[in-house]
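Structural features, examined
The chain contents come next:
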Amino acid sequence: MPRVPPALKLDRVVRRYGEREALAGVSLELAQGQTLGVLGSNGAGKTTLLRLLATLLSPHAGGVEVLGASLPSQAWAVRGRIGLLAHEPLLYRELTARENLTFHARLHGVGPRRVEEVLEAVGMTMRAAEPVRTLSRGMVQRVAVARAVLHDPELLLLDEPRANLDPAAAELVEPLIGAESGRTRVIVSHDPRGGVAEADLVLGLRGGRTALLAPAEQVRQEDVMELYR
């Protein structure tokens, strides 16, 4: 049988901001349907990695393949297959929740029925006609989750996906962004224990370099805590 290509493949990836290397020679492979947990302290390179995978940045050296597409040359072919939940919600504050999702749906050729489906899934149907600026941070996060999964992406890129969510809201979005969603996921986390527990493969970054790369079941807690010292 032919080998199934990995969902993600990074080969000695370098990304700089001026003279500073935000990523310095990062390499890994992630199988389709698996979850990569990305850990590290502030400034370690986690957000830069997520933005590279989302096609928002290009590497200065090395190779990046996402869902079989080589970046940045084939970014156009893969953008519609990626769902991004960034640190910022990526929503227009003056538009309502429904208007935000409708705008995003049109970009992806998604119909209005799907907009209503995801609003209901995150428990925001009753507040969908209110401007985003009037919503609580938890509600904004729920709308951001809905936006990320609206077009049924194959790959989810999640930066602290449960931030600002109370336990009930976190449980509500779990079928959309959790392991049971069946999607390949990259999760940036500041929670050492939770980040490992949710992952199949763990990448620990320190100063843009790979300080830890191992299957989750082989990762020791002391190795993870070393990333934050």
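Our structure's up above, just so we're on the same page.
Residues numbered from 1 in each chain as written. Predicted model: local features only at pLDDT ≥ 70, side-chain atom pairs only at ≥ 80, totals over all residues. Heavy atoms only, no water.

As summarised here, the arrangement of the four strands in space is β2-β1-β4-β5, forming an open sheet in which the pairing is antiparallel. The open sheet has two edge strands with one neighbour each: β2 (20–30) and β5 (69–71). The mean inter-strand angle of the sheet, taken between neighbouring strand axes irrespective of direction, is 30°. Where strand β1 (residues 8–17) lies against strand β4 (residues 61–66), five bridges are found, and the strand directions are antiparallel. The partner of D11 across the bridge, within β4, is G63. (Pairing = 2+ DSSP bridges. Helix = DSSP H or I, 4+ residues; strand = E, 2+ residues; numbered from the N terminus. Axes fitted to C-alpha atoms, helices over the stretch in contact; angles between N-to-C directions.)

Residues Y92, F103 and L107 make up a contiguous nonpolar surface patch of roughly 340 Å² in combined accessible area. Position of Y92 among the secondary structure elements: in the loop between β6 (82–85) and α3 (97–107). Exposure remark for Y92: the relative accessible area of 48% places this residue in the partly exposed category. (Patch = residues over 30% accessible without salt bridge, like charges linked within 9 Å, V, L, I, M, F, W, Y side chains within 5 Å. Areas by Shrake-Rupley, 256 points an atom, 1.4 Å probe, with all protein chains shown as cover. Salt bridge = Lys/Arg side-chain N within 4 Å of Asp/Glu carboxyl O. Buried < 20%, exposed > 50% of the residue type's maximum accessible area, 1.4 Å probe, protein only.)

Before going further, it helps to spend a moment on the packing of α3 against helix α4 (residues 112–121). Between α3 and α4, whose axes approach to 10 Å, the crossing angle comes to 135°. Taken together, the axes of α3 and α4 lie oblique to each other. Here α3 and α4 pass one another in a crossing that is right-handed. Of α4, the residues touching α3 (which contributes A97, R98, L101, T102 and A105) are V115, E116, V118 and L119. Classifying every residue of the contact of α3 with α4 gives six nonpolar, one polar and two charged. (Parallel < 35°, antiparallel > 145°, perpendicular 65-115°, else oblique. Left-handed = near helix turned anticlockwise from the far one by under 90°. Contact = heavy atoms within 4.5 Å. Nonpolar A, V, L, I, M, F, W, Y, C, P; charged D, E, K, R; others polar.)

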